[in-house]
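Take a look at the letters that make up each chain.
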Amino acid sequence: MDSTMRTETNCETPTPPGPPAIEFTGVSAGFGRKPVLRGLDLMVGKGEVFALLGANGAGKTTTINILTTLLRPDSGRVRVSGVDVLEHPDEARRCFAVTGQSAAVDHCLSTAENLMLLARLSGLSRREAKARTVQLAERLSLGSFIDARVGTLSGGMRRRLDLALSLVVPVDVLILDEPTTGLDTRSRRELWAEVSQLSSEGTTVFLTTQYLEEADALADRIGLLHDGRLAGLGTPHELKARVGEDTVAVRDRDGNALAEVPTDGTVRGISAVLGSLDPDYAEAAVTLHRPSLDDVFLSFTSNDEVRPRQKPVG
Ligand SMILES: Nc1ncnc2c1ncn2[C@@H]1O[C@H](COP(=O)(O)OP(=O)(O)OP(=O)(O)O)[C@@H](O)[C@H]1O
Ligand SMILES: [Mg+2]
């Protein structure tokens, strides 16, 4: 494991094998006197899907802007596919595609025209550009909207077009800033399927999201950005385990907590917990509580220390 991987979280997640696709080393950045990133260290392995989470204003888009050469950090080093984005920005730009929070499409052109335009600007011949346009429109279910002016597309269709545009030229690293914000559940899941497909084809995906369910469904690892650094780093499973264990919760008819007892979640463990409860609780309601990514987010992005879930009460 490279020393840049370590954070104050003592995360023991092994770095995926192979050279890293993305490396941040001691990256600090701010606006005026306001620090946003304060020595960010992060490494994303090749082929990994990495989700960066954080509260509004935590610095996720700033991180992406630095990674994609749009913003120079005050200090630190950033590499994409081994290329230093500060020293060789042109070369670095050839290693990634990015879909930002504000769609960079021409609203007066049609879906096909936008794809053709970008394909031609990327150096494809007219014939290659046309073939790529047809292929991407099919892949992202944009066929019915191929001749529609982008200004008339729904938000979901626009996000698909954003993704299609970022796939015009195959790249090693795909960077997505809140790719599914504003999408309905079906569109979101279709986009997840596309991201998973790209990942299975070997593309590294670095995304930010406000949807914890999205990070849970897609990400191999999650980083929680708080106070300019990664306050938490690990697989969804590891992070959930760090904020607490499974518990058996006992409540009275009015929903008041009577007891919350840790359990290993097995039939034997839960039976033992139930057997140990006060006989007076015989009519009480019992639920099994597992830490969710919501719990992880709240724990790691608060200014309090992360504490295990509370032990028996009452
Ligand atoms: N161009 C700018 N000038 C001044 N301050 C900025 C600028 N861009 C971002 N900031 C500030 O930097 C901080 C981080 O912003 P950033 O957009 O990176 O957050 P974010 O995590 O992406 O938030 P969100 O979840 O709302 O997208 C915020 O406090 C924001 O106000
Ligand atoms: Mg943002």
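Refer to the structure above for everything that follows.
So, a few notes on the structure that sits alongside this text.

Conventions adopted
Residues numbered from 1 in each chain as written. Chains lettered and ligands numbered in written order. Predicted model: local features only at pLDDT ≥ 70, side-chain atom pairs only at ≥ 80, totals over all residues. Heavy atoms only, no water. Buried < 20%, exposed > 50% of the residue type's maximum accessible area, 1.4 Å probe, protein only. Helix = DSSP H or I, 4+ residues; strand = E, 2+ residues; numbered from the N terminus. Pairing = 2+ DSSP bridges. Right-handed = clockwise from strand over helix to strand, strands pointing away. Near = heavy atom within 4 Å. Polar contact = N/O pair within 3.5 Å; in protein donor to acceptor, adjacent residues only side chain to side chain. Nonpolar A, V, L, I, M, F, W, Y, C, P; charged D, E, K, R; others polar. Axes fitted to C-alpha atoms, helices over the stretch in contact; angles between N-to-C directions. Contact = heavy atoms within 4.5 Å. Core = buried A, V, L, I, M, F, W, Y, C linked by side-chain atoms within 4.5 Å. Salt bridge = Lys/Arg side-chain N within 4 Å of Asp/Glu carboxyl O. Parallel < 35°, antiparallel > 145°, perpendicular 65-115°, else oblique. Left-handed = near helix turned anticlockwise from the far one by under 90°. Patch = residues over 30% accessible without salt bridge, like charges linked within 9 Å, V, L, I, M, F, W, Y side chains within 5 Å. Areas by Shrake-Rupley, 256 points an atom, 1.4 Å probe, with all protein chains shown as cover.

**Structural notes on the pairing of strand E8 (residues 204–208)**
A regular strand places its side chains on the two faces of the sheet in alternate fashion. Counting buried positions along E8 yields 5 of 5 residues, so the element is predominantly enclosed. As defined by bridge partners, strand E3 (residues 49–54) adjoins E8 across 4 bridges and the pair is classed as parallel. Counterpart to Ala-51 in the pairing with E8 is Leu-207. Pairing of strand E7 (residues 173–177) with E8 involves 5 bridges; the strand directions are parallel. Each bridged residue has a counterpart across the sheet, and for Val-173 the counterpart in E8 is Thr-204. Each parallel crossover has a hand, and the one from E7 via helix H6 (residues 185–200) to E8 is right-handed.

**Examining the site of ligand 1**
Around ligand 1, the structure places 14 residues, and the nearest of them are Lys-34, Gly-57, Lys-60, Thr-62 and Gln-210. Ala-58 places a main-chain nitrogen or oxygen 3.2 Å from an oxygen atom of ligand 1. Here an oxygen atom of ligand 1 and a backbone polar atom of Gly-59 are 2.9 Å apart. When residues of the shell around ligand 1 are traced back to their parent elements, those giving at least two are strand E2 (34–45) and helix H1 (60–67). When residues in the shell around ligand 1 are grouped by element, the largest group, 3 residues, is from H1. Looking at the shell around ligand 1 residue by residue, the classes come out as 4 nonpolar, 7 polar and 3 charged.

**A look at the sheet that holds E8**
Reading across the sheet, the 6 strands line up as E6-E7-E8-E3-E9-E10 and stay open at both edges, with mixed pairing between neighbours. Looking at which strands have only one partner, the edges of the open sheet turn out to be strand E6 (96–99) and strand E10 (229–234). On average, adjacent strands in this sheet sit at an angle of 15° to one another, irrespective of strand direction. Two strands pair when backbone bridges link them, and strand E9 (residues 221–226) and E10 are joined in this way by 5 bridges, in the antiparallel orientation. Within the sheet, the bridge partner assigned to Leu-224 lies in E10 and is Gly-232. Across the sheet, helix H5 (residues 155–166) touches E6 and E7, and the angle it forms with E6 is around 165°.

**Topic: the nonpolar core**
In this structure, Leu-161, Ile-222 and Leu-224 are the most contacted members of the largest nonpolar core, which totals 44 residues. For this core, the element with the highest residue contribution is H5, accounting for 5 residues. If near-sequence neighbours (up to four positions away) are discounted, Leu-224 is found in contact with Leu-53, Arg-229, Leu-230, Ala-231, Gly-232, Leu-239, Val-296, Phe-297, Phe-300 and Thr-301. Ala-29, Val-85, Val-173 and Leu-225 belong to the second-largest nonpolar core, a separate cluster that totals 29 residues.

**Topic: the pattern of salt bridges**
All told, the structure shown has 13 salt bridges when counted by the stated rule. Put simply, Asp-227 and Arg-38 hold a salt bridge, and the shortest N to O gap is 2.8 Å. Of this pair, Asp-227 sits in the loop between E9 and E10 while Arg-38 sits in strand E2, and the two are 189 residues apart along the sequence. Across the salt bridge formed by Arg-77 and Asp-84, the nearest N and O atoms sit 3.4 Å from each other. The partly exposed category is assigned to Arg-77, whose relative accessible area is 36%.

**Structural notes on the environment of Ala-217**
Within the secondary structure, Ala-217 sits in helix H7 (residues 212–218). Residues Ala-217 and Trp-192 lie 25 residues apart in sequence; the distance between their C-alpha atoms is 8.0 Å.

**A word on the packing of helix H3 (residues 111–121) against helix H4 (residues 126–139)**
At their nearest, the axes of H3 and H4 sit 9 Å apart, and the two run at 135° to each other. Considering their axes alone, H3 and H4 lie oblique with respect to each other. Here H3 runs over H4; the crossing is right-handed. Contacts between H3 and H4 involve Ala-112, Leu-115, Met-116, Ala-119 and Arg-120 from the former and Arg-126, Ala-129, Lys-130, Thr-133 and Leu-136 from the latter.

**Brief notes about a nonpolar patch on the surface**
Together, Leu-117, Leu-118 and Leu-121 give the surface a local cluster of nonpolar side chains, amounting to about 280 Å² of exposed area. Inspection of the secondary structure puts Leu-118 in helix H3.

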